[in-house]
Amino acid sequence: MKTILLDSCISTSDEVKKFLPMREDVVVCAKRQTGGRGTKGRSFLSEEGGVYCSFLKFYRSLPAAEAFRIMAHAATAVCKTVKFFGADPEIKWPNDVYALGRKLSGILIENAFSGETIDHSIVGIGINVCNDVSALGGIAVSLSEAAGRLLSTEEVRGILVQNFEKESTFEEYLSFVHFLGRTVRVTEGGSTYEALALHILEDGRLEVAVEGRTRALSAAEISLRL
Ligand code: BTN
């Protein structure tokens, strides 16, 4: 895959859109972002020392109903990268990657649909590598801290791109999800309740048992506390 490395930009997920007319897969990475974007309209702190990459990928005929495969693949590629450097990754459903109980990586996906299929997607991945995450108040961790040695962003970026280019399976994704079989707190609308996390379905919904009934929950509609 063609790889472009910038010193700085507002957001790699915007930069990569310049390649849309060429209709070929490309990844744009930056050493820092001045306006990094996160999920739910949040910003994503993107100082030097992290890896910030946006993959533009075109699909031939990926059904819209299979969109979760893109998310699962991205989270799996990050987990394989984290493992490569000797740390122990865990996916917080649907696609945040944690290590040592703190957030290590975030993923932002923008899909473009054409009828019932996905034409292309922009998969933005941010990984804390050796940046100072202490400003985030103990909720974040860097890969260097999780691996117990100082890592270079160049090396981590290279392994991430390699892993993203390889195929992955849904079983691999599931192997990095550790909370199944445990009780979780679900907030849905205005109410919060406890449920037993059973399984993640291939469409990305989380199957839970609540008061003897099985329900499939969508990440867009609920928030989860482990
Ligand atoms: C999140 O955890 O909220 C998702 C964060 C996604 C950050 C990545 S960094 C590369 C790409 N460019 C952006 O502006 N955002 C994504």
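Shown above is the structure to which this text applies.
The rules we used
Each chain has its residues counted from 1, following the order in which its sequence is written. Totals for whole chains, interfaces and linings use every residue, but because this is a predicted model, local features are given only for residues with pLDDT of at least 70 and side-chain atom pairs only at 80 or more, for both listing and counting. The basis for every side-chain value is the complete set of non-hydrogen atoms in the structure, without hydrogens or water. Whenever a pair of cysteine sulfur atoms sits within 2.5 Å, that pair is classed as a disulfide. For this description, a residue counts as near a given molecule or strand if any of its non-hydrogen atoms is within 4 Å of it. In the analysis that follows, any N or O atom pair within 3.5 Å is treated as a polar contact, provided that within protein one partner can donate a hydrogen and the other can accept it, and provided that, for residues neighboring in sequence, both atoms belong to side chains. Surface accessibility follows the Shrake-Rupley procedure with a 1.4 Å probe radius. Residue values consider only the protein chains on display as shielding. Every definition here rests on a 1 Å grid over the protein atoms only: cavities are sets of points where a 1.4 Å probe fits but cannot get out, pockets are open sets enclosed by protein on both sides within 12 Å along at least five of seven lines, and lining residues have some atom within 4 Å of a point. To qualify as sitting in a cavity or pocket, a molecule needs more than half of its atoms within 2 Å of the grid points. Only DSSP runs of H or I with at least four residues qualify as helices, and only runs of E with at least two residues qualify as strands; both kinds are numbered from the N terminus onward. Just so you know the grouping, Ala, Val, Leu, Ile, Met, Phe, Trp, Tyr, Cys and Pro go in nonpolar, Asp, Glu, Lys and Arg go in charged, and all remaining residues, Gly too, go in polar.

1. Here we look at the state of the cysteines
Per the counting criterion, the structure on display carries 0 disulfides. With no disulfide partner, Cys-9 has as its closest neighbouring cysteine sulfur the one in Cys-29, 9.7 Å distant.

2. What to know about the site of the ligand
The full set close to the ligand counts 20 residues, and Ser-11, Gln-33, Arg-37, Thr-39 and Lys-103 are the nearest of them. Side-chain polar atom of Ser-11 to an oxygen atom of the ligand: 2.7 Å apart, as the coordinates give it. Arg-37 has a polar backbone atom sitting 2.7 Å from an oxygen atom of the ligand. Considered on its own, the ligand offers 420 Å² of accessible surface; in the complex 98% of this is hidden by protein. Taking a 2 Å distance to the grid points as the criterion, the majority of the atoms of the ligand fall inside the largest pocket. The element contributing the most residues to the shell around the ligand is strand E6 (residues 102–114), with 4 residues. Class assignment for the residues of the shell around the ligand results in 6 nonpolar, 11 polar and 3 charged.

Read these as spatial facts, not as claims about activity.
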